[in-house]
Amino acid sequence: MNKSVADLAGRWLTRTTENLSEVEHKVLQSAIDRKAVSRNVNESVERHESTGDRLADSIARIGGSWNFILAFLAFLVVWTGLNAWLLGRGSFDPYPFIFLNLILSMLAAIQAPIIMMSQNRQAERDRIDAAHDYAVNLKAEIEIMALHEKLDEIRFQEIILLREQLRELTEQIGRIAPPASGNAPAQ
């Protein structure tokens, strides 16, 4: 059964090859070649990650965790307690805690863009995952349609065979049994 991408595109996607996306063309070609389209997307993404990308992901993972929040809350309590009550007048950052405010501002100024970089990378990864899912789902649909066609063809062949056998049986019965006359045998 020699099929082309144009044949399959017209039959299953009701489109011409000019109207197919690159993914759809690849999926149809994989159906012809009987090759899988699924792959591990994580491996391909990890191969293209730089050290900065991995660092940004690590910082975002740590900065968005409860451990970081609780540890930072403990740091703030210790800082304010140390400067407000324990050191009194000799504290290095007295009560409105201007130095602490500077540290928090610098931390936020550095942490926010790093987290945004990680989120942008995650959004790109999600787009890659969605495109891969589409390709796999399309391939599954195409394979299901091909199976339906094969089953319909088998069913059609069986019906033809049954008709032929029925015709042969009718001929054999016609040769064996005399033609029925309008009169019923007398008893």
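- For the protein chain, an unreviewed UniProt entry supplies the name Membrane protein and the organism Aminobacter carboxidus.

### Examining the confidence of the model for the protein chain
- Overall, the predicted model of the protein chain reaches an average pLDDT of 87, with 94% of residues at or above 70.
- For the protein chain, helix α3 (residues 41-47) is the element with the lowest average pLDDT, namely 81, and helix α6 (residues 98-176) is the one with the highest, namely 92.

### Regarding the nonpolar core
- In this structure, W12, L13, L20, V27, L28, L138 and I142 are the most contacted members of the largest nonpolar core, which totals 14 residues.
- At the level of secondary structure, the elements contributing two or more residues to this core comprise α1 (5-12), α2 (22-33) and α6.
- Residue contacts for L20: discarding those within four places in its chain leaves V5, A9, L13, R15, H25 and L28.

### Here's the deal with the packing of helix α4 (residues 51-63) against α6
- Direction vectors running N to C along α4 and α6 enclose 110 degrees, while the axes themselves pass 8 Å from each other. On the basis of the axis angle, α4 is roughly perpendicular to α6. Between α4 and α6 lies a crossing whose hand is left-handed. Of the residues in α6, those in contact with D53, A56, D57, I59, A60 and G63 of α4 are Q111, I114, I115, M117, S118 and R121.
- Across the contact of α4 with α6, the residue classes break down as 6 nonpolar, 3 polar and 3 charged.

### Here's the deal with α1
- Taken as a whole, α1 has its buried residues at V5, L8, A9 and W12. The buried side chains of α1 occupy one side of the element, clustering within an arc of 100 degrees when seen end-on.
- Packed against the buried residues of α1 are α2 and α6.
- Among the residues trailing α1, T14 stands out with phi positive, at a value near 50 degrees.

### Considerations on a nonpolar patch on the surface
- A cluster of nonpolar side chains, contributed by V78, L82, W85, L86, L87, F92, F99, L102 and M106, occupies part of the molecular surface with about 970 Å² of accessible area.
- Ranked by residue count, the leading element in the nonpolar patch is helix α5 (residues 66-86), at 4 residues.
- Summarising the element assignment, V78 is placed in helix α5.

### Here's the deal with α6
- Over its 79 residues, α6 extends 114 Å from the first C-alpha to the last, a length consistent with the 117 Å expected when each residue adds 1.5 Å.
- All of the buried residues along α6 are L100, Q111, I114, S118, R121, R125, H132, A135, L138, K139, I142 and A146.

### As for the pattern of salt bridges
- Under the counting rule described, the total for this entry stands at 11 salt bridges.
- With its nearest N and O atoms 2.8 Å apart, the salt bridge here joins R127 to E124. Here the residue R127 and the residue E124 both occupy positions in helix α6, the gap between them amounting to 3 residues, near one helical turn.
- Two residues, R167 and E171, come together in a salt bridge whose shortest N-O distance is 2.7 Å. In this pair, R167 and E171 both sit in helix α6, 4 residues apart, roughly one turn of the helix.
- What you see here is one network of salt bridges that share partners, running through E49, D53, D57 and R121.

Reading the values: the criteria
Residues numbered from 1 in each chain as written. Predicted model: local features only at pLDDT ≥ 70, side-chain atom pairs only at ≥ 80, totals over all residues. Heavy atoms only, no water. pLDDT = per-residue confidence, 0-100. Helix = DSSP H or I, 4+ residues; strand = E, 2+ residues; numbered from the N terminus. Core = buried A, V, L, I, M, F, W, Y, C linked by side-chain atoms within 4.5 Å. Buried < 20%, exposed > 50% of the residue type's maximum accessible area, 1.4 Å probe, protein only. Contact = heavy atoms within 4.5 Å. Axes fitted to C-alpha atoms, helices over the stretch in contact; angles between N-to-C directions. Parallel < 35°, antiparallel > 145°, perpendicular 65-115°, else oblique. Left-handed = near helix turned anticlockwise from the far one by under 90°. Nonpolar A, V, L, I, M, F, W, Y, C, P; charged D, E, K, R; others polar. Arc of directions from axis to C-beta. Patch = residues over 30% accessible without salt bridge, like charges linked within 9 Å, V, L, I, M, F, W, Y side chains within 5 Å. Areas by Shrake-Rupley, 256 points an atom, 1.4 Å probe, with all protein chains shown as cover. Salt bridge = Lys/Arg side-chain N within 4 Å of Asp/Glu carboxyl O. Expected span 1.5 Å × (residues − 1).

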